[in-house]
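Report on the structure
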Amino acid sequence: MLHFDTVIIGAGLLGLGVAQRLSREGRRVLVVEARERPAQVTSSRNSGVLHAAIYYPQGSLKARLCLRGNVSLGQWCADHDVGMRRVGKLIVATAPEEEGALERLLTQGRANGVPGFEAVDGAFVKRLEPEVRASAALWSPSTGIIDVHALAQSLSEVAVDQGATLALRHRFVGGARVDHGYRLRLIDPQAEVIELECREVVNAAGLHADTVAETFELDVDALGYRQHWVKGRYFRVNAPGRVKHLVYPVPLPGLAGLGVHVTVGLTGEVKLGPDVEVLGQRVEDYGVPEAAAESFYAGAVRYLPWLTRELLAPDQAGIRPKLSQPGQPARDFVIAEESARGLPGLITLAGMESPGLTATLEIADEVHALLA
Ligand SMILES: Cc1cc2nc3c(=O)[nH]c(=O)nc-3n(C[C@H](O)[C@H](O)[C@H](O)COP(=O)(O)OP(=O)(O)OC[C@H]3O[C@@H](n4cnc5c(N)ncnc54)[C@H](O)[C@@H]3O)c2cc1C
């Protein structure tokens, strides 16, 4: 029987982040990943934005870990040669009736401690983005963009250099508490069942974190760990370089996302999205139909007056593991150690939607502290 100190289920950014943190101090760490390569699911299907912590309630994990993560992940990128640029973000109002929402966001962002976050006028926006229409805006200079593939690669390399083992094409299928730890069952690439034992388990299974938690007999509905899948689709704007900063509209009340916004890539590509599509079924369908262009066009033309439907082409999609149902208030991240449920040393990460990428290293530190 194989023995490890810690088994991490899932090699997305969060599993890899936790692996580099826990292996730093000599723990024997195994990361099991069902896919052929790390970070192929939500971790490579996002906007790649290093968020500043503007929108989240003061004191929430999202606000605190995002604020700190903006700094620590920025430093990680500099230290490990991962592409990152603080391009800055504008949140634009296109009509006077939207300006009240800007004020509320400014108060929220400042309460969260977002550095340099300020109100600016239409002339400021014109200087920065001559092709964006806005009557007023907020400017966040610490918001950036990251090469997420290079980030995943760097986390995985550091973890492996420190002695962690990465088992790709190994699917976790069951776990149970045994004396002093856990016995886990995996299916290997030859479809054989492997059993192994460990002292600690970190459930970083992303979209499947709730069903993985159920295999340990956690009552995910009672605990509030049930995840609802909400797809976010993107369209490419065939006008590279025409917008150079991240540009977001004022979020509309009750909207589960931030509104159709502009994300820019490190090589100048311009995208719109993600939108918000609640999935009735748990199917990893990442298709983006041509017909969806209409709503992207309508959402963005208010602040990109030169936009035409012909400039839009379907791009990627990702799926958010949300803890709240449509219409319910947004929920915070769940980062839980399960001793109180008779499962010491089991960590659940649930609801790891945005700003999970930004908070990667901070979530890893939280997990490390919970296991200390
Ligand atoms: C549309 C969208 C846009 C986003 N934009 C941003 C952004 O701009 N900035 C930001 O900070 N955050 C953003 N996020 C959030 C961010 O992408 C996530 O928080 C982060 O990627 C979550 O990483 P993860 O490791 O939890 O999940 P994943 O990347 O999904 O990793 C989980 C891994 O677990 C594996 N797995 C699952 N079940 C098993 C099993 N039984 N056995 C073995 N392996 C298993 C999967 O194969 C997968 O590789 C966005 C998310 C979405 C959906």
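Overview of the structure. (Residues numbered from 1 in each chain as written. Predicted model: local features only at pLDDT ≥ 70, side-chain atom pairs only at ≥ 80, totals over all residues. Heavy atoms only, no water.)

Now for the environment of R282. With respect to the helices, strands and loops of the structure, R282 is situated in the loop between strand 17 (277-278) and helix 8 (293-300). Put simply, R282 and G59 are 223 residues apart on the chain and 32 Å apart in space, counted from C-alpha to C-alpha. Sequence-distant contacts of R282, that is, excluding residues within four places in its chain, are made with L207, D210, T211, R226, Q227 and W229. There is a polar contact of 2.3 Å between the side chain of R282 and the side chain of D210. (Helix = DSSP H or I, 4+ residues; strand = E, 2+ residues; numbered from the N terminus. Contact = heavy atoms within 4.5 Å. Polar contact = N/O pair within 3.5 Å; in protein donor to acceptor, adjacent residues only side chain to side chain.)

A word on the nonpolar core. Most often, soluble globular proteins keep nonpolar side chains buried together rather than apart. Formed by 60 residues in total, the largest nonpolar core has its most connected members in I91, V237, V262, L272, L304, L307 and L312. Sequence-distant contacts of L304, defined by excluding residues within four places in its chain, comprise E131, V132, V243, V262 and L272. Counting residues in each nonpolar core, the second largest holds 40 residues, with A19, A39, F333 and A364 among its members. (Core = buried A, V, L, I, M, F, W, Y, C linked by side-chain atoms within 4.5 Å. Buried < 20%, exposed > 50% of the residue type's maximum accessible area, 1.4 Å probe, protein only.)

The omega torsion across G273 and P274 is 0°, close enough to zero to call that bond cis. Its location among the elements puts P274 in the loop between strand 16 (270-272) and strand 17. Going from S354 to P355, the amide bond is cis rather than trans, its omega being 10°. Residue placement: P355 occurs in the loop between strand 20 (346-350) and helix 9 (360-371). Unusually for a residue other than glycine, A39 sits at a positive phi of about 50°. Tracing the backbone shows A39 in the loop between strand 2 (29-33) and strand 3 (49-50).

Attention now moves to the site of the ligand. Looking at the ligand, there are 37 residues lining it, with E33, S43, V49, M352 and T358 nearest. With respect to the ligand, the backbone of A34 contributes an N or O atom lying 3.1 Å from a nitrogen atom. The backbone of M352 places a nitrogen or oxygen atom 2.7 Å from an oxygen atom of the ligand. In isolation the ligand offers 1000 Å² of accessible surface; the protein chains occlude 96% of this area. Counting only elements with at least two residues in the shell around the ligand, the list comes to helix 1 (13-23), strand 2, strand 10 (171-178) and strand 18 (312-322). It is strand 18 that provides the largest number of residues to the shell around the ligand, a total of three residues. For the shell around the ligand, the per-class residue count stands at 16 nonpolar, 15 polar and six charged. Taken domain by domain, the makeup of the shell around the ligand includes at least three residues from each of domain 1 (2-45 + 149-226 + 330-371) and domain 2 (89-141 + 228-322). (Near = heavy atom within 4 Å. Areas by Shrake-Rupley, 256 points an atom, 1.4 Å probe, with all protein chains shown as cover. Nonpolar A, V, L, I, M, F, W, Y, C, P; charged D, E, K, R; others polar. Domains from an automatic or database assignment.)

Before going further, it helps to examine the sheet that holds strand 8 (residues 144-146). The strand order across the open sheet built from three strands is 3-8-4, with neighbouring strands paired in antiparallel fashion. Of all strands in the sheet, those bounded by a partner on one side alone are strand 3 and strand 4 (84-85). As paired elements, strand 4 and strand 8 share two bridges and run antiparallel to each other. Each bridged residue has a counterpart across the sheet, and for R85 the counterpart in strand 8 is I145. (Pairing = 2+ DSSP bridges.)

Our next topic: the packing of helix 2 (residues 61-79) against helix 9. How two helices pack is summed up by the angle between their axes together with the distance between the axes. Interaxial distance between helix 2 and helix 9 falls to 6 Å at its minimum, and their mutual angle equals 115°. Here helix 2 is positioned roughly perpendicular relative to helix 9, judged by the angle of their axes. Of helix 9, the residues touching helix 2 (which contributes L61, L65, R68, G69, S72, L73 and W76) are L361, E362, I363 and E366. A per-class count over the contact of helix 2 with helix 9 returns six nonpolar, two polar and three charged. (Axes fitted to C-alpha atoms, helices over the stretch in contact; angles between N-to-C directions. Parallel < 35°, antiparallel > 145°, perpendicular 65-115°, else oblique.)

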